[in-house]
Amino acid sequence: MNSRDQYIGIFDSGIGGLTVARSIMEKMPDENTIYFGDTAHLPYGTKSEKQIRDFAVNDVTFLNRFSLKALVIACNTADSVAREVLEEKFDLPIFGVIEPASRKAAHETKNNRIGIMATAATCRSGAYEKQIRKYNAEAEVFAQPCPLLVPLVENSRYKKDDPVVQIILKEYLAPLTEKEVDTIVLGCTHYPLLMDAICSIVPQINVISSSQAAADALYEGLSSGGMIREEKGGEHRYYVSDDAEHFHDNALIFMEKQLVGDVEQVSI
Ligand code: DGL
């Protein structure tokens, strides 16, 4: 297989990483992708660091059976906690969500006050603060854990006119607006679906999707390495560690269209 034709391996704790896969497919429709969702163990965001690292190593061990040209850690929680161990264990070009979104926020903020909305584990890790400070030493970063947002989105509750969505978002956004942030990073796979709802509450704030930033950074990385696939029409495969049918049906929420490609359940 020509190295350009190899797969981009994408993994997440479950289904939310499809927002990253979707951004990648929209940006690079001719790339071959393999997605692994660890649906048997989700959510990662409430788990201990050790568990998240162990799960992430298993996820990548599975994906590494395929011929990969790049690995994308789509899960913000896994990227914030397990990246180092994955870099130690696997000889693959590794891309993620935290560095690209941090870089964008660090460059776009005007008042150097940046908010992060993420899972409890991502907030606890301090990974966003660390990356943002690398690009902007003046930046002050305020992390807001948002534990209700993952179940909300997985139950199709993300539309801006949904009163429940509005109430919950207002509660999470209030501490960030009090700190007068001018930029917010959506530091979780699920939150890009809430973009319209968030912008309707804080229209004055620049809101950055970590999923889109990840796809843009992957494109930059593959282009500069001469690794973009030249043939037309990418192939897409999906694997999960639990209930393929449930994943297939719920994918509609995250892709906003039917999945193209089969979903297979595997034990890892
Ligand atoms: N994929 C996770 C993230 O981006 C959210 C879901 C979970 O907690 O597993 O942080």
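Our subject is the structure that appears above.
Given the structure is predicted, the values throughout are model-derived calculations rather than measurements.

Caption draft 1: Here's a closer look at the nonpolar core. Counting residues in each nonpolar core, the largest one holds 72 residues, and the members touching the most others are Leu18, Met117 and Leu149. The next biggest cluster of nonpolar side chains, apart from the first, holds 28 residues, and it includes Phe11, Val60, Leu63 and Leu86.

Caption draft 2: Fine view of the packing of aromatic side chains. Per the stated rule, a full pass over the model turns up 8 aromatic pairs. Taking the centre distance of 6.1 Å and the plane angle of 50 degrees together, the rings of Tyr35 and Tyr238 count as tilted. With a gap of 203 residues between them, Tyr35 in strand β2 (residues 32–37) and Tyr238 in strand β9 (residues 236–240) connect regions that are remote in the sequence. For the pair Tyr35 and Tyr238, a shared accessibility class is recorded, and that class is buried. An angle of 45 degrees between the planes, with centres 6.4 Å apart, marks the rings of Tyr238 and Phe247 as tilted. In this structure Tyr238 comes out as buried when scored by relative accessible area, which is 1%. Taking relative accessible area as the criterion, Phe247 reaches 2% and is therefore assigned buried. Grouping aromatic residues by their ring pairs yields a cluster made of Phe36, Phe62, Phe66 and Tyr239.

Caption draft 3: Spotlight on the side chain of Ser211. Along the polypeptide, Ser211 turns up in helix α10 (residues 210–224). Contacts of Ser211, omitting those with residues within four sequence positions, involve Thr19, Val20, Ser23, Thr189 and Pro192.

Caption draft 4: Up close: the side chain of Arg229. Looking at where Arg229 falls in the secondary structure, it is placed in the loop between α10 and β9. Every residue in contact with Arg229, bar those within four places of it in the chain, is listed here: Arg4, Asp5, Asp30, Glu31, Asn32, Lys69 and Gly234.

Caption draft 5: Highlighting the packing of helix α1 (residues 18–27) against helix α11 (residues 244–255). Look at α1 against α11: their axes get within 9 Å of each other, and the N-to-C directions meet at 60 degrees. Where α1 crosses over α11, the two elements pack in a sense that is right-handed. From α1, Leu18, Thr19, Arg22 and Met25 reach across to α11, where they touch Phe247, Ala251, Phe254 and Met255. Residue composition of the contact of α1 with α11, grouped by class: 6 nonpolar, 1 polar and 1 charged.

Caption draft 6: How the structure looks around the site of the ligand. Close to the ligand lie 13 residues; Asp12, Ser13, Tyr44, Gly45 and Thr77 are nearest. Measuring from an oxygen atom of the ligand, one finds a backbone N or O atom of Gly45 at 2.8 Å. Within the side chain of Thr77, a nitrogen or oxygen atom sits 2.6 Å from an oxygen atom of the ligand. In isolation the ligand exposes 290 Å². Once the protein is present, 98% of that is buried.

The rules behind these values
Residues numbered from 1 in each chain as written. Predicted model: local features only at pLDDT ≥ 70, side-chain atom pairs only at ≥ 80, totals over all residues. Heavy atoms only, no water. Core = buried A, V, L, I, M, F, W, Y, C linked by side-chain atoms within 4.5 Å. Buried < 20%, exposed > 50% of the residue type's maximum accessible area, 1.4 Å probe, protein only. Phe/Tyr/Trp six-rings, centres within 6.5 Å; stacked < 30°, edge-to-face > 60°. Helix = DSSP H or I, 4+ residues; strand = E, 2+ residues; numbered from the N terminus. Contact = heavy atoms within 4.5 Å. Axes fitted to C-alpha atoms, helices over the stretch in contact; angles between N-to-C directions. Left-handed = near helix turned anticlockwise from the far one by under 90°. Nonpolar A, V, L, I, M, F, W, Y, C, P; charged D, E, K, R; others polar. Near = heavy atom within 4 Å. Polar contact = N/O pair within 3.5 Å; in protein donor to acceptor, adjacent residues only side chain to side chain. Areas by Shrake-Rupley, 256 points an atom, 1.4 Å probe, with all protein chains shown as cover.

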